[in-house]
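Listed here are the chains, written in short residue letters.
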Amino acid sequence: MQLSADQIAQFQEEGWLFLPETFSPEEVAVLREEAEAIYAVQRPEIWREKSGAPRTAFAAHTYNEAFRLLGAHPRLIRPVEQIFGEQLYMHQFKINAKAAFTGDVWQWHQDYGTWARDDGMPEPRAMNISVFLDEVMPINGPLMLIPRSHRHGTLAAGHDVSTTSYPLWTLDDEMVTKLVAEGGIVAPTGRPGGVLLFHGNLVHGSAPNITPYPRKIVYLTLNAVSNHIRRPTRPDWIAHRDFTPILPVPEDALTEYARRGRRAAA
Ligand code: SIN
Ligand code: MN
């Protein structure tokens, strides 16, 4: 999958791009089932909310076959390679739950702020490309983005270690108010299988989910190989140290995986 010139221009101008229904219902169904099974297991890579509900499962591409295939899927790898003009490795991989009723806030932040401060990443030549596993609605804690905020570079941030179970470099209200006055807020929504990519310096966050509708999203953080991290401080399942370029799997790899599973169960 190649991005068009218009899509690349939108990404450069606005800092984000949404590609609806990029994965089929069959491909997403298998990923959703595997994500739920992963959350049911106790392992250190699975971070929980203060309530105990799952918040984020790190590094599932290293131990789960469906997510390994997703982590090397050409529909995710090729567009980001196109934007950075070089091969990529996986800096971080997470399945965020935003569980029904209990999914907690992600405060306003820039991802590159954390990658630079905590991992020693030289440049904002990494970005998130995400896949909706559930329907993302205006009401179940969609990811909110401040368009064009990436043009401000890396902004001052404070290390919030108390609001949620997960420490995050967050922006203050005054800065967010200024950025929103310039760019507004968008919250891309859509059916499972939608893909959202956004610049490493784009300011984003999400509200708690008090609805009965879960909102699972998988995030691949793809880094240009030459921009590999230099000073990691976090565990290697949060900030990976394997800088091997990703070789994309075949286009139908996930569909084949889903069908093999069904044949085996029959
Ligand atoms: C993130 O910013 O890393 C996650 C936000 C979310 O999933 O709502
Ligand atoms: Mn983020």
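Keep in mind it's a predicted model, so treat the numbers as computed, not measured. (Residues numbered from 1 in each chain as written. Chains lettered and ligands numbered in written order. Predicted model: local features only at pLDDT ≥ 70, side-chain atom pairs only at ≥ 80, totals over all residues. Heavy atoms only, no water.)

> Could you give me a rundown of the nonpolar core, with the residues and numbers involved?
The biggest cluster of nonpolar side chains holds 44 residues, and the ones touching the most others in it are Phe67, Leu70, Ile95, Leu133, Leu220 and Leu222. Here the element with the most residues in this core is helix α2 (residues 25-39); it accounts for six residues. Not counting chain neighbours up to four residues away, the residues in contact with Phe67 comprise Leu31, Glu34, Ala35, Ile38, Ala60, His61, Phe93, Ile95, Leu133 and Val218. (Core = buried A, V, L, I, M, F, W, Y, C linked by side-chain atoms within 4.5 Å. Buried < 20%, exposed > 50% of the residue type's maximum accessible area, 1.4 Å probe, protein only. Helix = DSSP H or I, 4+ residues; strand = E, 2+ residues; numbered from the N terminus. Contact = heavy atoms within 4.5 Å.)

> Describe the coordination of the manganese ion (ligand 2), and please don't skip the residues or the numbers.
Coordination of the manganese ion (ligand 2) by the protein involves His109 (NE2), Asp111 (OD) and His204 (NE2), with metal-donor separations of 2.1 to 2.2 Å. Written as a sequence motif, the donor arrangement for the manganese ion (ligand 2) is H-x1-D-x92-H. Highlighted residues: His109 in strand β5 (residues 106-109) and His204 in strand β11 (residues 204-206), separated in sequence by 95 residues. Neither His109 nor His204 differs from the other in exposure class; each is buried. (Donors = N, O, S within 2.8 Å, 3.2 Å for Na, K, Ca; no water.)

> Give a description of helix α6 (residues 173-183) that names residues and reports values.
Buried within α6 we find Val176, Leu179 and Gly183. All buried residues of α6 fall inside an arc of 70° around its axis, so they share one side. The exposed residues of α6 that point more than 90 degrees off its buried face are Asp173, Glu174, Thr177 and Ala181. (Arc of directions from axis to C-beta.)

> An account of the sheet that holds strand β10 (residues 195-199) is requested, with residue identities and associated values reported.
One open sheet holds the seven strands; their spatial order is β1-β10-β6-β12-β4-β3-β2, and the pairing between them is antiparallel. At either end of the open sheet lies a strand with only one pairing partner, and these are β1 (16-19) and β2 (46-48). The average undirected angle you get between the axes of adjacent strands in this sheet is 20°. Direction of pairing for β1 relative to β10: antiparallel, over a ladder of four bridges. For Phe18, the partnering residue across the bridge sits in β10 and is Leu196. This element, helix α4 (residues 74-84), spans β4 (88-96), β6 (126-132), β10 and β12 (217-224) of the sheet and lies at about 155° to β6. (Pairing = 2+ DSSP bridges. Axes fitted to C-alpha atoms, helices over the stretch in contact; angles between N-to-C directions.)

> Let's hear about the site of ligand 1: which residues, and what values?
Taken together, Lys94, Asn96, Trp106, His109, Leu143, His204, Ser206, Arg215 and Tyr219 are the residues near ligand 1. Within the side chain of Lys94, one N or O atom sits 3.3 Å away from an oxygen atom of ligand 1. Here Tyr219 contributes a side-chain N or O atom positioned 2.8 Å from an oxygen atom of ligand 1. Put simply, the parts of the chain that give the shell around ligand 1 at least two residues each are β4, β5 and β11. Among the residues forming the shell around ligand 1, the class breakdown is three nonpolar, four polar and two charged. (Near = heavy atom within 4 Å. Polar contact = N/O pair within 3.5 Å; in protein donor to acceptor, adjacent residues only side chain to side chain. Nonpolar A, V, L, I, M, F, W, Y, C, P; charged D, E, K, R; others polar.)

> Describe the pairing of β4, with residues and values.
For β4, the buried fraction is high: nine of the nine residues fall into the buried class. With three bridges connecting them, strand β3 (residues 54-58) and β4 associate as antiparallel partners. Across the sheet, Thr56 pairs through a bridge with Asn96, a residue of β4. Note: β4 against β12, eight bridges, orientation antiparallel.

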